[in-house]
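Coordinates in review
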Number of protein chains: 2
Amino acid sequence: MEEKKCNVLFRVEGGEDVSIFAFFGESLLDAAKRANLALDAPCAGNGSCGKCRVKLLAGTVKSEPDRHISGKEFAEGHRLACTSLVISDIAVQVSGMALAYRDRIKVSGRGVVRERNIFRNLQKELREMGLEKDSGLELAAVQLEGPENGDVTADRERLLRKIAAQTGLAQEDIGFSLHALRRIPRALRQANFSLLCVLRYERVRREAGIKIGITIMDVFAGNTDPPPVIAGMAIDIGTTTVSALMVDLLTGEILTMGSAGNGQIRYGADVISRIIESARPGGLERLRSAVTEECVAPLIREMSETVELKPENIYRVVVAGNTTMTHLFMGINPEYLRLEPYVPAFFESGPLKSADLNLGVHPDADVLIAPAIGSYVGGDISAGVFASMIFKKETLSLFVDLGTNGELALGNSEFMMSCACSAGPAFEGGDIICGMRATDGAIEACHVNKDTMEPAIMVVGAMDQKPVGICGSGLIDLVGELFRCGIINARGKFVKEGKRIRRDEWGIASYVVAFAKDTANGRDVVLSEPDIDNFIRAKGAIFSAIKTMLAILDFDVGMIEDVYVAGGIGGGINMRQAIRIGMLPNLPVKKYHYIGNSSMHGAFAMLTARQAGEMVTEISRGMTYIELSSHPGYMDEFVAACFLPHTNGELFEQVE
Amino acid sequence: MEEKKCNVLFRVEGGEDVSIFAFFGESLLDAAKRANLALDAPCAGNGSCGKCRVKLLAGTVKSEPDRHISGKEFAEGHRLACTSLVISDIAVQVSGMALAYRDRIKVSGRGVVRERNIFRNLQKELREMGLEKDSGLELAAVQLEGPENGDVTADRERLLRKIAAQTGLAQEDIGFSLHALRRIPRALRQANFSLLCVLRYERVRREAGIKIGITIMDVFAGNTDPPPVIAGMAIDIGTTTVSALMVDLLTGEILTMGSAGNGQIRYGADVISRIIESARPGGLERLRSAVTEECVAPLIREMSETVELKPENIYRVVVAGNTTMTHLFMGINPEYLRLEPYVPAFFESGPLKSADLNLGVHPDADVLIAPAIGSYVGGDISAGVFASMIFKKETLSLFVDLGTNGELALGNSEFMMSCACSAGPAFEGGDIICGMRATDGAIEACHVNKDTMEPAIMVVGAMDQKPVGICGSGLIDLVGELFRCGIINARGKFVKEGKRIRRDEWGIASYVVAFAKDTANGRDVVLSEPDIDNFIRAKGAIFSAIKTMLAILDFDVGMIEDVYVAGGIGGGINMRQAIRIGMLPNLPVKKYHYIGNSSMHGAFAMLTARQAGEMVTEISRGMTYIELSSHPGYMDEFVAACFLPHTNGELFEQVE
């Protein structure tokens with residue numbers, strides 16, 4: 001029996017129409033995914049987040065009004081894509097954001113480095129540790145004798161003989177990349193048998209007695225001008241965003257930075273949704289391809305274009321990401337990560353080649369994956385902890401990486417412990433009615449006047465950018481301010497009335513941060529009590545994780561000398577507010593250090609210095625992993641932390 | 001300015017229509033190539049061979065009658081595709097053979113081995129040399145402890161730890177294929193953490209002191225039944241035909257044999273045409289893809305299906321071919337092979353991975369390419385000489401591989417010398433009006449009655465197969481018989497008259513082997529004086545190469561103790577006839593040994609025994625390569641050999 005199909009036309013705001021067939025009864029969200037449209041659906045399509053709003057232009061879908069779509073909106077054609085089933089040929093209008101994940105590749109100009117100070121600090125520390133510029137790659141000039149004297153040795157063997165003589169290595173210890181072999185015949189004859197060779201030293205040379213091997217990775221005519229660049233990529237694969245650095249491995253210079261939305265987001269905002277999707281037929285390959293072919297590879301291409309480099313001149317790649325992200329990036333089934341006893345397929349990936357991962361760079365480029373620590377503490381944390389340098393200090397440091405998952409490490413030069421807590425997507429705008437990621441239109445900071453209850457807001461984007469929603473740092477500020485001003489109580493319930501406070505028919509209150517007339521999309525930006533509930537659970541998860549780790553070690557919070565806060569979301573974090581609401585412990589603000597995208601910084605160190613890679617591996621192997629979900633006591637701590645700032649008020653005395 | 005395009009419809013006899021756009025003024029042959037139709041064009045489209053005949057059904061092409069197309073045929077619509085330029089929308093009829101190269105994959109049933117005796121001899125020799133079953137691959141059963149005891153070590157590290165303990169190796173010396181990593185999570189949990197692992201030992205173990213490394217290539221659930229097969233492929237890439245063996249590497253059993261036409265043939269019959277084509281824009285990739293994606297990969301798929309094996313269970317591949325073929329197979333520019341001083345890009349390829357070559361087998365399978373000796377003596381000869389075992393004998397042996405190129409080796413256990421002569425495509429049916437490859441309809445043997453001048457012929461194919469043309473072995477017979485019967489003289493000119501002898505308007509004579517009424521295509525099968533000229537040059541090239549090698553060594557032909565004749569074309573060779581016409585030296589017939597496709601046999605040895613690969617490399621490195629084209633004296637020898645049997649009759653006394 002042939003399945004009935006319906007024609008679905010997606011009219012994308014500001015983009016081209018997309019038309020596909022949907023199966024009768026398929027959800028509009030699923031149809032959109034197959035059409036490669038990324039409707040925002042952080043709840044993975046279970047109807048709870050209300051983000052996947054579309055507008056029906058023609059035809060009929062099976063759906064009903066619900067808490068996200070009022071009767072009036074429904075009459076106007078508004079629908080949630082996830083709860084609307086296709087039962088006829090239809091046309092729907094979708095937000096231009098549906099294309100955003102594909103288009104939202106941002107690449108800095110040549111040499112432009114964001115968070116320059118953080119970066120300079122890191123580079124200074126690396127320099128002091130002697131960890132600069134040892135990527136194993138070198139550019140060697142070689143002058144060969146041509147065949148004029150009757151020596152008709154083949155090109156490869158001619159070069160091998162010379163490199164062996166020049167390095168003192170046996171020919172058997174010199175490898176030859178197929179890519180180089182494909183290029184040698186012409187390169188040799190372009191400059192009278194003089195060559196520039198990209199050589200990769202396979203073994204670290206600093207230890208005596210370890211044999212060195214070389215691979216000839218590439219060859220250029222000796223008169224190539226300017227001389228070829230030996231580039232490398234450090235890539236952080238986040239659940240939401242992929243960030244990357246392109247580096248000149250010979251000079252250590254950062255050539256360009258870039259970022260792109262993780263294309264997997266249309267399968268859900270958090271790692272659990274992705275794991276569930278990966279178990280569906282073809283799901284693993286869909287997710288692998290969504291991050292690689294749709295995101296990492298185009299990002300690399302665009303960054304290469306920006307600096308006028310061929311992607312094949314990228315000879316080394318380091319990737320850091322959480323355990324689920326690296327599984328999916330490598331096309332490895334992550335399903336056992338979410339099934340007890342939560343065993344990953346790998347901690348360390350072993351050496352990988354670019355061609356196996358379809359990155360589009362030099363096919364034999366080494367790809368290093370930062371090693372994972374546990375099922376929910378990944379290589380992003382190994383790399384991030386390295387970049388924080390807390391493993392070098394004798395005093396106790398706390399490392400907090402804020403994201404969809406909160407990951408924590410606590411330790412010093414003697415020991416290291418880590419855990420993850422599912423903060424949920426609130427910090428990245430998920431589960432919050434007007435929540436959004438920190439992109440154009442996001443309220444990223446705010447102040448509330450205690451007397452008038454009027455807010456002053458800062459919005460991401462151009463000077464005249466009107467607000468659309470609230471991102472993580474804005475949420476921390478807003479909840480902190482509402483609490484400071486006594487507008488909400490310790491349970492997050494509204495206890496004042498005013499023109500910005502609204503109550504719906506069920507008595508649920510909201511605070512209107514921006515009225516419809518002042519917003520970019522003509523809809524109020526509000527924060528509701530259920531939003532605050534979700535947010536309190538998120539911040540409670542972080543704080544209770546910190547408390548649990550301290551309890552396991554029988555440590556006191558006062559023993560923490562430094563707190564390093566990492567994560568893209570943490571960019572604009574107001575530490576004082578974060579303490580006020582009981583998300584971070586009550587320590588002097590000067591002990592807090594924002595270190596940005598520490599995962600990418602750690603990957604940068606691994607990229608430019610092989611020894612840094614070894615140290616990251618040591619960190620990951622030496623770190624104790626606590627599985628909080630099965631740890632007794634954690635749930636009690638969590639419940640206690642789900643107040644503003646905490647049920648135990650003593651913990652946050654003298655905050656003001 | 002947009003280029004004008006014309007629609008070309010190819011009506012393929014017995015196949016589906018193929019329609020493409022051709023550029024205005026493009027030759028029909030080039031259009032056919034782009035349409036992936038393999039018109040027979042051994043002259044590579046220079047109008048000399050007359051094989052690429054098509055019939056115009058509608059529209060007009062720019063062309064004229066010539067020596068291949070008579071005025072009457074021209075009026076009927078017959079054209080040569082290579083000299084017909086597209087100037088309007090047209091429809092043309094092409095032979096069903098145009099699809100033959102694509103379809104002509106032949107795979108034997110499971111365990112069916114052709115030339116079984118030759119194979120048994122080889123296997124016996126290998127056994128005596130201790131060269132059986134050391135492919136480096138093993139199947140190991142491993143029982144792991146599950147995570148019940150709370151050990152949540154990742155799957156990869158859990159297996160590494162066990163393999164390290166089981167083998168006594170350090171974990172750093174154990175590699176892990178990404179393919180295996182992708183399979184381990186499910187495999188582990190299908191049989192309660194028991195596994196069957198395919199292990200590859202990276203170093204030869206027989207020499208003391210050499211460190212062993214292991215790569216975990218694949219994992220299967222421990223209860224897989226029947227246990228997985230570890231298969232390997234030995235592949236001979238010929239200029240005309242690709243042949244392959246699939247072998248069970250644990251038992252040494254040949255699972256199946258197969259062959260396919262080399263898809264490159266539509267770019268010309270000989271290596272020079274291929275090299276020229278490869279230098280055109282996109283040509284190198286066209287030729288690489290024509291042999292790999294169109295031929296080797298589908299052949300492997302079909303052979304795998306025949307024995308119900310997944311191609312990914314092929315863990316080792318050995319490829320032998322002439323120097324041009326291996327360059328093209330690896331996607332390496334061969335242009336300098338045909339430019340003085342004829343320097344190849346490589347003799348030895350170094351280790352390659354299947355994924356880099358797109359073979360569709362296990363992505364990390366080692367691919368070994370038999371090492372080349374010189375620009376025109378390739379790995380097929382290194383492998384073939386190994387299979388002939390002449391390097392083990394104290395007495396002098398001659399090795400002759402007959403094909404589009406004739407390749408020769410002369411030597412014993414002390415020394416070895418080789419050279420190539422461009423015999424031209426005559427042995428494979430090229431440059432001969434009714435020439436064809438040894439496929440259905442080819443006259444492969446013949447006898448001529450001295451009195452009646454009537455022939456008795458043997459035709460390849462079914463019992464009632466009517467002749468279409470003449471293949472190499474048939475040519476040798478026919479020329480030998482015409483000479484023996486005194487129908488042609490020492491110069492190859494007809495000196496008798498009769499009903500089978502015809503002379504055209506210019507006085508050029510032909511012998512009609514089969515009249516139109518008795519042939520499959522309704523056209524006479526003839527052998528003309530120009531054909532005989534071409535053939536004499538081919539046989540003269542072989543003989544003069546042998547003579548030149550002997551002269552260089554100051555050896556006498558009588559010192560040759562054994563002659564090994566290899567090559568698919570040599571299958572049915574009548575050695576007595578080959579001596580009669582002066583192609584092979586006048587030695588007792590019992591000294592001649594037909595050894596079949598020795599290139600594939602050598603590849604088989606390399607596949608099953610790593611030490612054989614090392615010996616082949618030693619042979620290739622130790623062999624002296626003579627570049628005949630620049631060798632003084634060769635041309636004189638060649639001219640002298642262009643007679644039947646030779647200008648120096650003494651060389652062939654007592655042949656009868």
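These numbers come from a predicted model, not from an experiment. (Residues numbered from 1 in each chain as written. Chains lettered and ligands numbered in written order. Predicted model: local features only at pLDDT ≥ 70, side-chain atom pairs only at ≥ 80, totals over all residues. Heavy atoms only, no water.)

1. Here we look at the relation of the copies chain A and chain B
The operation relating chain A to chain B is a screw motion whose rotation component is 180°, with 0.1 Å of axial translation and a residual RMSD of 0.2 Å. Classification of the inter-copy transformation places it as that of a two-fold axis. Minimal C-alpha separation from the rotation axis in chain A is found for A:A355, amounting to 4.0 Å. (Least-squares fit on C-alpha atoms with pLDDT ≥ 70 in both.)

2. Details of the sheet that holds strand β14 (residues 241-248) of chain B
All names here are of chain B. With mixed pairing, seven strands are arranged side by side in an open sheet as β8-β15-β14-β13-β16-β18-β17. Two strands bound the open sheet, and with one partner strand each, they are β8 (106-107) and β17 (352-353). As defined by bridge partners, strand β13 (residues 231-237) adjoins β14 across seven bridges and the pair is classed as antiparallel. In the sheet register, A231 faces β14, and the bridge partner there is D248. Those strands touched by helix α8 (residues 283-306) are β8, β13, β14, β15 (254-261) and β16 (314-321), and its axis lies near 35° from that of β14. (Pairing = 2+ DSSP bridges. Helix = DSSP H or I, 4+ residues; strand = E, 2+ residues; numbered from the N terminus. Contact = heavy atoms within 4.5 Å. Axes fitted to C-alpha atoms, helices over the stretch in contact; angles between N-to-C directions.)

3. Here's the deal with the environment of B:M615
Mapped onto the fold, B:M615 is located in helix α16 (residues 610-622). Those residues in contact with B:M615 that lie beyond four places of it in its chain are B:M129, B:L131, B:F386 and B:F391.

4. Brief notes about the side chain of A:T153
In this structure, A:T153 sits in the loop between β9 (137-143) and α5 (155-167). Engagement of the side chain of A:T153 in a polar contact is seen with the side chain of A:D151, the distance being 2.5 Å. Those residues in contact with A:T153 that lie beyond four places of it in its chain are A:R158, A:R161, B:V343 and B:F347. (Polar contact = N/O pair within 3.5 Å; in protein donor to acceptor, adjacent residues only side chain to side chain.)

5. Examining the packing of helix α13 (residues 529-553) of chain A against helix α17 (residues 634-641) of chain A
All names here are of chain A. Direction vectors running N to C along α13 and α17 enclose 135°, while the axes themselves pass 8 Å from each other. On the basis of their axis angle, the class for α13 and α17 is oblique. Along this stretch, α13 crosses α17, giving a crossing that reads as right-handed. Between α13 and α17, the contacting residues are R537, K539, G540, A541, F543, S544, A545, K547 and T548 on the first element and Y634, E637, F638 and A641 on the second. Grouping the amino acids of the contact of α13 with α17 by side-chain chemistry returns six nonpolar, three polar and four charged. (Parallel < 35°, antiparallel > 145°, perpendicular 65-115°, else oblique. Left-handed = near helix turned anticlockwise from the far one by under 90°. Nonpolar A, V, L, I, M, F, W, Y, C, P; charged D, E, K, R; others polar.)

6. With respect to the pattern of salt bridges
All chains considered together, the criterion is met by 63 salt bridges over all chains. One salt bridge in this structure joins B:D151 and B:R161, with 3.1 Å as the shortest N-O distance. Here the residue B:D151 occupies a position in the loop between β9 (137-143) and α5 (155-167), and B:R161 occupies one in helix α5, the gap between them amounting to 10 residues. Here B:R161 falls in the partly exposed class, since its relative accessible area comes to 39%. A salt bridge links B:R580 to B:E481, with the shortest nitrogen-to-oxygen separation between them at 3.8 Å. In this pair, B:R580 is assigned in helix α14 (residues 575-580) and B:E481 in helix α12 (residues 472-484), connecting sequence segments 99 residues apart. B:E481 carries the same exposure label as B:R580, and that label is buried. It is possible to trace a salt-bridge network through shared partners that takes in A:R53, A:E73 and A:R523. (Salt bridge = Lys/Arg side-chain N within 4 Å of Asp/Glu carboxyl O. Buried < 20%, exposed > 50% of the residue type's maximum accessible area, 1.4 Å probe, protein only.)

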